[in-house]
Amino acid sequence: MSTLRVRPYTRTGGRTRSATTLAIETIVTTNEQAARDALTSTAEHRIISDLCRNPHSVAEVAATLRLPLGVVRVLLADMSDMSLINVHEDGAIDDRGRPSLDLMERVLMGLRNI
């Protein structure tokens, strides 16, 4: 990120919500289109695209970028709408409606990395 201080809401055009709602545990990955799409020309989109070449949760993206969760949700939702990232919601909840073991392990690993 640049050394210039920019208010977080300016990164989203003042928006705090988007049409797509992403849970904090939702996993996102960069897809092939992001590498060659001119829409990734914003600094935030490029940084997120690079970061999400490996799977990351919405919360991990926010923590890594040191941006508020709401701002990151809007940025990721915009990128999803532009088909720049893949949103992986499958497997987060088991057949009993509880968080899956895989999700809990990812959360634990993320907490250990903080």
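What you see is a predicted model; the values in this text were computed from it and never measured. (Residues numbered from 1 in each chain as written. Predicted model: local features only at pLDDT ≥ 70, side-chain atom pairs only at ≥ 80, totals over all residues. Heavy atoms only, no water.)

## Examining the overall build of the chain
Right, so step 1: What the chain contains, in helices and strands, is five helices and three strands.
Right, so step 2: Each helix and strand of the chain, placed in order from N terminus to C terminus, yields the pattern β-α-α-β-α-α-β-α.
Right, so step 3: The buried share of the chain, reckoned over its 114 residues, is 34%.
Right, so step 4: Expressed as a percentage of contacts within the chain between residues at least 6 apart in sequence, the contacts between residues at least 24 apart total 69%.
Right, so step 5: When the accessible area of the chain is evaluated, it comes to approximately 7,500 Å², of which 53% is carbon and sulfur surface. (Helix = DSSP H or I, 4+ residues; strand = E, 2+ residues; numbered from the N terminus. Buried < 20%, exposed > 50% of the residue type's maximum accessible area, 1.4 Å probe, protein only. Contact = heavy atoms within 4.5 Å. Areas by Shrake-Rupley, 256 points an atom, 1.4 Å probe, with all protein chains shown as cover.)

## Observations concerning the confidence of the model for the chain
Right, so step 1: Summing up the model confidence of the chain, the mean pLDDT is 76 and the portion of residues at 70 or higher is 65%.
Right, so step 2: Averaged over each element, pLDDT in the chain is lowest for helix 1 (residues 32-36) (64) and highest for helix 3 (residues 58-65) (91). (pLDDT = per-residue confidence, 0-100.)

## A closer look at the sheet that holds strand 2 (residues 56-57)
Right, so step 1: With antiparallel pairing, the three strands of this open sheet are ordered in space as 2-1-3. At either margin of the open sheet sits one strand with a lone partner, and together these are strand 2 and strand 3 (85-88).
Right, so step 2: Pairing of strand 1 (residues 27-30) with strand 3 involves four bridges; the strand directions are antiparallel. For T29, the partnering residue across the bridge sits in strand 3 and is N86. (Pairing = 2+ DSSP bridges.)

## Quick look at helix 3
Right, so step 1: Those residues of helix 3 lying buried are V58, V61, A62 and L65. Along the axis of helix 3, the buried residues cluster in a sector spanning 100 degrees; they form a single face.
Right, so step 2: Packing partners of the buried residues in helix 3 comprise strand 1, helix 2 (43-51), strand 2 and helix 4 (69-81).
Right, so step 3: Positive phi shows up at R66, right after helix 3, with a value of about 55 degrees. (Arc of directions from axis to C-beta.)

## A short note on the environment of N31
Right, so step 1: One can find N31 in the loop between strand 1 and helix 1.
Right, so step 2: As for N31 and V87, which are separated by 56 residues in sequence, their C-alpha atoms are 9.8 Å apart.
Right, so step 3: Leaving out residues up to four positions away in the same chain, N31 has contacts with S83, L84, I85 and N86.
Right, so step 4: Engagement of the side chain of N31 in a polar contact is seen with the backbone oxygen of S83, the distance being 2.7 Å. (Polar contact = N/O pair within 3.5 Å; in protein donor to acceptor, adjacent residues only side chain to side chain.)

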